[in-house]
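Residues per chain are reported as follows:
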Amino acid sequence: MMIEITHLQKLYDDTLAVKDISISIPAGVVCGLVGPNGAGKTTTLRCLAGLIRPTAGEIRVHGLCPIEDQVELKRNVAYVPDDPPLFDDLSVGQHLDFVAQLYRIADHRRRAYDLLERFELLRKYDSAVTSLSRGMRQKLAIACAYLIEPPVLLLDEPLTGLDPPGIRTLLDSITQYAGRGNTVIISSHLLAMIGDVCDQVWMMHGGTVRYHGATTALRASFPQAESLEQAFFAAMTVVG
Ligand SMILES: Nc1ncnc2c1ncn2[C@@H]1O[C@H](COP(=O)(O)OP(=O)(O)OP(=O)(O)O)[C@@H](O)[C@H]1O
């Protein structure tokens, strides 16, 4: 398994954000992480990325413990939050150069140009990141993550600032990335938008895993449903 979470728990002061969850996700899979506000999605992703320490439980990402193997983890996991922190003093192009230097990526320029072109940022190559729109900032952060090529990519609400062509480009890029054996978790409130690219659906609710399964199994269980989202709602009714 690429990701193994066992009895994960995260307590913030007096809020139990994640309550004893266990879940495994294999390599080469796109997993859609859905659930209402406050369900514990971001908390779980931040634990996977080693940004916060779990209160209890165990996590293995590509065999690594996010807290104990911090340095190695950075090469194996990229986490892109919905409002990614960027360096205000750097231009768009310099961001990719900086990431390439940090991760010792040789001959990165061609790939950097390709990524910027794909995400329609090439014309902003020399612009300061402070002049970018919200969606452009998200696209730049995603391009930086792709440049590193980590086996695990965690995208937290990546669709929020993107325009429809940007969403299409991102979803296509996710399918291709997973096709090369990488694992992608994409959190979103919009299952209808991400459903097509997801091999699995993982739903959290109140800090617990409410549902986790293959999208094909979900569709097969509810053949009368017209969409994955409908099948998902039907499954939720059965689960109660
Ligand atoms: N830094 C923090 N300190 C205290 N409580 C927090 C902190 N971060 C999150 N929480 C709480 O933990 C719970 C889970 O929050 P989390 O951000 O993981 O949910 P989410 O599923 O990502 O929600 P959303 O869909 O709104 O982004 C919520 O009750 C939230 O208020």
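What counts as what
- Each chain carries its own residue numbering, running from 1 in the written order of its sequence.
- With pLDDT at 70 or above as the cut-off, local features in this predicted model cover only qualifying residues; side-chain atom pairs require 80 or more to be listed or tallied, and sums for whole chains, interfaces and linings still use all residues.
- UniProt positions are given in the numbering used here, feature names are shortened, and annotations may be inferred rather than shown by experiment.
- For the purposes of this entry, the term helix denotes a DSSP run of H or I that reaches at least four residues, the term strand denotes a run of E that reaches at least two, and both are numbered from the N terminus.
- Radius of gyration here uses only the C-alpha atoms, and the compact-globule reference equals 2.2 Å multiplied by the residue count raised to the power 0.38.
- Whether a residue is buried, exposed or partly exposed follows from its count of other C-beta atoms within 10 Å of its own C-beta, namely 20 or more, 12 or fewer, or something in between, respectively; the C-beta atoms are built from the backbone.
- Residues are scored as being in contact if the C-beta atoms we place from backbone atoms lie within 7 Å.
- Proximity of a residue to a molecule or strand is defined by its backbone-placed C-beta atom lying within 6 Å of that partner.
- Here the nonpolar group is Ala, Val, Leu, Ile, Met, Phe, Trp, Tyr, Cys and Pro; Asp, Glu, Lys and Arg are the charged ones; every other residue, Gly included, is treated as polar.
- Note on terminology: a nonpolar core is a set of buried residues of type Ala, Val, Leu, Ile, Met, Phe, Trp, Tyr or Cys, with members joined through C-beta atoms within 7 Å.
- This arc corresponds to the set of directions leading from the helix axis out to the C-beta atoms.
- Predictor confidence is given residue by residue as pLDDT, running from a minimum of 0 to a maximum of 100.
- Two strands pair under a simple rule: DSSP has to find at least two bridges between them.
- Note on geometry: axes are lines fitted to C-alpha atoms, helical ones only across the stretch in contact, with angles between N-to-C directions running from 0 to 180 degrees.

As named in an unreviewed UniProt entry, the protein chain is ABC transporter ATP-binding protein, taken from Rhodopirellula sallentina SM41. Database annotation for the protein chain, UniProt heading Sequence similarities (unreviewed entry): "Belongs to the ABC transporter superfamily."

Engineer: I'd like a description of the overall build of the protein chain, backed by residues and values.
Structural biologist: Along the backbone of the protein chain there are nine helices and nine strands. For the protein chain, the C-alpha radius of gyration of 18 Å lies close to 18 Å, the compact-globule estimate for 240 residues. Here the protein chain holds 240 residues, and 39% of them are scored as buried. Restricting to contacts in the protein chain with at least 6 residues of sequence separation, those with at least 24 account for 67%.

Engineer: Kindly report on the site of the ligand, identifying the contributing residues and their values.
Structural biologist: Neighbouring residues of the ligand: Tyr12, Asp13, Thr15, Ala17, Gly35, Asn37, Gly38, Ala39, Gly40, Lys41, Thr42 and Thr43. Of the residues contributing to the shell around the ligand, the split by class is three nonpolar, seven polar and two charged.

Engineer: Residue-level account of the UniProt feature "domain: ABC transporter" (unreviewed entry) in the protein chain, with values.
Structural biologist: The residues that UniProt annotates with the feature "domain: ABC transporter" (unreviewed entry) are residues 3-231. Secondary structure within residues 3-231 divides into 36% helix and 26% strand; the distance between the first and last C-alpha atoms comes to 26 Å.

Engineer: Could you give me a rundown of the nonpolar core, with the residues and numbers involved?
Structural biologist: The nonpolar side chains of a soluble globular protein tend to be buried, and buried together. Val77, Ala143 and Leu154 are the most contacted members of the largest nonpolar core, which has 65 residues in total. A total of nine residues in this core trace back to one element, the largest contributor, which is helix 5 (residues 134-148). In contact with Val77, other than residues within four places in its own chain, are Leu48, Ala49, Val61, Pro150, Val152 and Leu154.

Engineer: So, helix 1 (residues 41-48): which residues are in play, and what are the values?
Structural biologist: Across the eight residues that make up helix 1, a large majority, eight, are buried. Within helix 1 the residues assigned to the buried category are Lys41, Thr42, Thr43, Thr44, Leu45, Arg46, Cys47 and Leu48. Phi turns positive one or two residues past the end of helix 1, at Gly50, with a value near 75°.

Engineer: Break down the environment of Val129 for me, with residues and values.
Structural biologist: One can find Val129 in the loop between helix 4 (109-118) and helix 5. Placed 105 residues apart in sequence, Val129 and Ala234 show a C-alpha to C-alpha distance of 44 Å. Every residue in contact with Val129, bar those within four places of it in the chain, is listed here: Leu86, Phe87, Asp88, Leu90, Val92, His95, Arg137 and Leu140.

Engineer: So what's going on with helix 4? Which residues, and what values?
Structural biologist: Residues of helix 4 that are buried: Ala112, Leu115 and Leu116. Take helix 4 and look down its axis: the buried residues cluster within an arc of 95°, on one side only. Taken together, the buried residues of helix 4 touch helix 3 (92-102) and helix 5. Just beyond helix 4, the residue with positive phi is Glu120, at close to 55°.

Engineer: Any chance you could break down the environment of Pro158 for me, citing the residues and the numbers?
Structural biologist: Following the sequence through the fold, Pro158 ends up in the loop between strand 6 (152-156) and helix 6 (164-179). C-alpha of Pro158 to C-alpha of Asp172: the two residues are 14 residues apart in sequence and 13 Å apart in space. Setting aside its immediate chain neighbours within four residues, Pro158 contacts Val80, Gln138, Ile142, Leu170 and Ile186.

Engineer: Can you explain the environment of Thr208? Please cite residues and give values.
Structural biologist: Secondary-structure assignment places Thr208 in strand 9 (residues 208-214). It is 9.8 Å that separates the C-alpha atoms of Thr208 and Leu8, two residues lying 200 residues apart in sequence. In this structure Thr208 touches Lys19 and Ile21, once residues within four positions along its chain are discounted.

Engineer: Break down the confidence of the model for the protein chain for me, with residues and values.
Structural biologist: Here the protein chain averages 95 in pLDDT, and 99% of its residues register 70 or above. For this predicted complex, the interface confidence reaches an ipTM of 0.98, while the overall pTM sits at 0.96.

Engineer: Which residues make up the sheet that holds strand 6, and what are the values?
Structural biologist: Spatial strand order, 5-6-7-3-8-9: six strands in an open sheet with mixed pairing. Edge positions in the open sheet fall to strand 5 (77-80) and strand 9, since each of these has one partner strand only. Neighbour-to-neighbour, the strand axes of the sheet open up by a mean angle of 15°, direction not taken into account. As defined by bridge partners, strand 8 (residues 200-205) adjoins strand 9 across six bridges and the pair is classed as antiparallel. What sits directly across from Met204, in strand 9, is Val209. Running at roughly 175° to strand 5, helix 5 makes contact with strand 5 and strand 6 of the sheet. Strand contacts of helix 6: strand 3 (30-34), strand 6 and strand 7 (183-187), with the helix running at about 150° to strand 7, the strand carrying the most contacts.

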